[in-house]
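The chain contents come next:
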Amino acid sequence: MLTSNILKGVTRGFPLKIKADKVENVSVDYNRDFITRIIPRIEYDALRAAVNDLGLNESLPETMPEAVQQDDEFLKTMHKVLLEYEIEEGELICPETGRKFPISKGIPNMLLQETEVS
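Along each chain, the written sequence defines residue order, and numbers are assigned to residues from 1. Where totals are concerned, whole chains, interfaces and linings use all residues; where local detail is concerned, this predicted model gives features only for residues with pLDDT of at least 70, and gives and counts side-chain atom pairs only at 80 or more. Where side-chain values are given, they derive from all heavy atoms of the structure, hydrogens and water being excluded.

The criterion, for reference: UniProt positions are given in the numbering used here, feature names are shortened, and annotations may be inferred rather than shown by experiment.
Identification of the chain as Multifunctional methyltransferase subunit TRM112-like protein from Rotaria magnacalcarata is taken from an unreviewed UniProt entry. Turning to the chain, the UniProt record has this under Sequence similarities (unreviewed entry): "Belongs to the TRM112 family."

If you want it as C-alpha cells, here you go:
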C-alpha cells in the first residue's frame, strides 16, 4: 500500500490484484493464538478477493463471523489461506494503473521507475 501511495496519480491502488503462475502449498503448524491475534489486522474483503484471484479451493464466508474466536473451522481455513499458500511466480497488479509488479521466487519486485515517483 505504501508503494501505491507514491505512484504518480494513483489514488485507489489497493488492494493489488494477484496473478499467480506458480503457487506452492506448504505445511505450517496450526497456531490458534497467532491466527486469532492477526485476524483483526486483516482487510477481509481484500483477502477474499485474493483467494478468488488465485482460484484457491477455499471457501471464506462473505462476511467474517461475529464469534471468530469460537469458530474453529473458520480459524483453520484462515490459517490455511494466510500461511499455507505461497506465490512463487506471478504478478501483483495495480487496479487503477494496471502497473505490474513481478513476483519471482516468492519475492515481489515493487521498485519504481524514475518516471513513476512523484
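Some points on the pattern of salt bridges
Put simply, the rule reads: Note on definitions: salt bridges are taken to be side-chain nitrogens of Lys or Arg within 4 Å of carboxyl oxygens of Asp or Glu. Residue exposure (1.4 Å probe, protein chains only): buried if accessible area is under 20% of the type maximum, exposed if over 50%, otherwise partly exposed. Only DSSP runs of H or I reaching four residues or more are called helices, and only runs of E reaching two or more are called strands; each is numbered from the N terminus.
One pass over the full model with this rule turns up 4 salt bridges. The partner of Glu24 in a salt bridge is Lys22, with the nearest N and O atoms 3.5 Å apart. Residue classification places Glu24 among the partly exposed positions, given a relative accessible area of 31%. According to the relative accessible area criterion, Lys22 is partly exposed, its value standing at 41%. The partner of Asp72 in a salt bridge is Arg32, with the nearest N and O atoms 3.0 Å apart. Of this pair, Asp72 sits in helix 4 (residues 72-83) while Arg32 sits in helix 2 (residues 32-38), and the two are 40 residues apart along the sequence. Owing to a relative accessible area of 31%, Arg32 belongs among the partly exposed residues under this scheme.

Describing the side chain of Glu91
Keep this limit in mind: His is not counted here, nor are the chain ends, while Lys and Arg score as positive and Asp and Glu score as negative. Only heavy atoms enter the contact rule, under which two residues are in contact if any of them lie within 4.5 Å.
By the element assignment, Glu91 lies in strand 2 (residues 85-93). Buried Glu91, no salt bridge; nearest opposite-charge side chain is Lys100, N-O distance 4.1 Å. Apart from the residues within four sequence positions on either side, Glu91 is in contact with Lys17, Ile18, Lys19, Lys100, Phe101, Pro102 and Ile103.

Side note on the packing of aromatic side chains
Note the threshold: Pairing of aromatic side chains here covers Phe, Tyr and the six-membered ring of Trp, requires ring centres within 6.5 Å, and sorts the geometry by plane angle: under 30 degrees stacked, over 60 edge-to-face, intermediate tilted. Both a distance and an angle decide whether a charge sits over a ring: NZ of Lys or CZ of Arg must be within 6 Å of the ring centre and within 35 degrees of the ring normal.
Taken as a whole, this structure holds 1 aromatic pair when the rule is applied. Ring plane angle 50° and centroid distance 6.2 Å describe the contact between Tyr44 and Phe74, whose orientation is recorded as tilted. On the criterion of sequence distance, the pair formed by Tyr44 in helix 3 (residues 44-54) and Phe74 in helix 4 is long-range, its members being 30 residues apart. You'll find Tyr44 and Phe74 in the same group, each marked buried. Taking the ring centre of Tyr30 as reference, the NZ or CZ of Lys76 above it sits at 5.8 Å.

Considering the side chain of Glu84
The criterion, for reference: By the criterion applied in these results, polar contacts are pairs of N or O atoms within 3.5 Å in which, for protein atoms, one can donate a hydrogen and the other can accept it, and in which residues neighboring in sequence qualify only through two side-chain atoms.
Tracing the backbone shows Glu84 in the loop between helix 4 and strand 2. Only 3.0 Å separates the side chain of Glu84 from the side chain of His79, close enough to count as a polar contact. Leave out the neighbours within four places in its chain, and Glu84 touches Glu24, Asn25, Val26, Ser27, Val28 and His79.

Description of the sheet that holds strand 2
Applicable threshold: Strand pairing is assigned whenever DSSP detects at least two bridges linking the two strands. A fitted line through C-alpha atoms represents every axis, and for helices the fit uses only the stretch in contact; the resulting angles, taken between N-to-C directions, go from 0 to 180 degrees.
Taken in spatial order, the 4 strands of this open sheet run 1-2-3-4, and their pairing is antiparallel. Two strands lie at the open edges of the sheet, namely strand 1 (17-25) and strand 4 (107-108), each paired on one side alone. The sheet contact formed by strand 1 and strand 2 spans 8 bridges and is antiparallel. Each bridged residue has a counterpart across the sheet, and for Lys19 the counterpart in strand 2 is Glu91. Relative to strand 1, helix 3 is tilted by about 70°, and along the sheet it contacts strand 1 and strand 2.

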